[in-house]
Amino acid sequence: MTQLKEGEKAPYFEGMNQDGKKISLNDYKGKKLILYFYPKDNTSGCTAEACNLNDNYAELTSLGYEVVGVSPDSTASHLKFIAKYNLSFNLIADTEKKILEDYGVWAEKSMYGRKYMGVLRTTFIIDEEGIIQRIITKVDTKNHVNQIINK
C-alpha cells in the first residue's frame, strides 16, 4: 500500500464521473483540489460529508478550490446520489479500485472482529501544481469544510 506524504506530487488519476465523462488530475491544473475518498454512496457518514462539502461549495470555490469525491460505487450509483442531494461536484466511480490503491486508501479494515477490505475515509488537499498540501485522515463528516479551511 502506498503511503503518500504532504509535499509529494499527487499520483495521476483518471476515472469516469457520474455522467460517464472522463475526469483526471490534469483537469485541475492551476486549481486547488479537494480530492476526498469515501466508502459508499447513501450511507450516513458519507452523506453527511458530501452534504457538508456541498452546503459550503460556494465558499470553497470562492477560495479557489474544486471538489471531487471518489468511491468504489458505480457511475449509476453516483448519479442517483448526486440527484438525491443536489450535489454540485463530480464523483468518480473507481469500481476497479485503482485510484483508491494509488492513494493508499484501499486497505484492510476491521469491524466486530471481522477483517475486510474497504475505503479509509481520507481527504487530500492538492495545490495548483499537483502537490499534496494536506492529508486529512480523521475526517469529521459533519464539519469537514471547517477541517479543510481551518476555521
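Novice: Before we move on, could you go through the environment of Glu59 and cite the residues and values that matter?
Specialist: Secondary-structure assignment places Glu59 in helix α2 (residues 57-62). Judged by its relative accessible area of 30%, Glu59 is partly exposed. With 74 residues separating them in the primary sequence, Glu59 and Gln133 have C-alpha atoms 19 Å apart.

Novice: Quick rundown of the pattern of salt bridges? Include the residues and the values.
Specialist: Summed over the entire model, instances satisfying the criterion amount to four salt bridges. Between Glu14 and Lys22 there is a salt bridge, with the nearest N and O atoms lying 3.4 Å from each other. Assessed through its relative accessible area of 38%, Glu14 is described here as partly exposed. Asp73 is the salt-bridge partner of Lys40, the closest N and O atoms lying 3.5 Å from each other. Here Lys40, found in the loop between β3 (32-37) and α1 (44-55), pairs with Asp73, found in the loop between β4 (65-71) and α3 (75-85); they are 33 residues apart in sequence, far enough to count as distant.

Novice: Lay out the sheet that holds strand β8 (residues 122-126) with the relevant residues and their values.
Specialist: Ordered in space as β2-β1-β5-β4-β3-β8-β9, the seven strands form an open sheet in which the pairing is mixed. Either end of the sheet is taken by a strand with one partner, and the two such strands are β2 (22-24) and β9 (132-136). In this sheet, neighbouring strand axes are inclined to one another by 30 degrees on average, regardless of whether the strands run parallel or antiparallel. On the sheet, α3 packs against β1 (14-17), β4 and β5 (90-93) and is oriented at approximately 160 degrees with respect to β5.

Novice: Provide a residue-level description of the packing of aromatic side chains, including the pertinent values.
Specialist: The way to describe two aromatic rings as a pair is by their centre distance and the angle between their planes. If you walk through the whole model with that rule in mind, you get nine aromatic pairs. Each ring, one from Phe81 and one from Tyr85, has its centre 5.5 Å from the other, and the planes form 75 degrees; the classification is edge-to-face. Of the two residues, Phe81 and Tyr85 both sit in helix α3, four residues apart, roughly one turn of that helix. Here Tyr85 falls in the partly exposed class, since its relative accessible area comes to 28%. A centroid spacing of 5.0 Å and a plane angle of 70 degrees characterise the contact between Tyr103 and Phe124, whose relative ring orientation is edge-to-face. Residue Tyr103 is located in the loop between α4 (98-102) and β6 (106-111), and its partner Phe124 is located in strand β8; the two are separated by 21 residues in the primary sequence. By relative accessible area, Tyr103 is classed as buried at 2%. With a relative accessible area of 2%, Phe124 lands in the buried category.

Novice: Which residues make up α3, and what values go with them?
Specialist: Buried residues of α3: Ser77, His78, Phe81 and Ile82, and no others. Angularly, the buried residues of α3 cover 130 degrees about the axis, an arc narrow enough to put them on a single face. α3 presents Lys80, Ala83 and Lys84 as exposed residues on the side facing more than 90 degrees away from its buried surface. Elements that come into contact with the buried residues of α3 comprise α1, β4 and β5.

About the cut-offs
- Residues numbered from 1 in each chain as written.
- Predicted model: local features only at pLDDT ≥ 70, side-chain atom pairs only at ≥ 80, totals over all residues.
- Heavy atoms only, no water.
- Helix = DSSP H or I, 4+ residues; strand = E, 2+ residues; numbered from the N terminus.
- Buried < 20%, exposed > 50% of the residue type's maximum accessible area, 1.4 Å probe, protein only.
- Salt bridge = Lys/Arg side-chain N within 4 Å of Asp/Glu carboxyl O.
- Pairing = 2+ DSSP bridges.
- Axes fitted to C-alpha atoms, helices over the stretch in contact; angles between N-to-C directions.
- Contact = heavy atoms within 4.5 Å.
- Phe/Tyr/Trp six-rings, centres within 6.5 Å; stacked < 30°, edge-to-face > 60°.
- Arc of directions from axis to C-beta.

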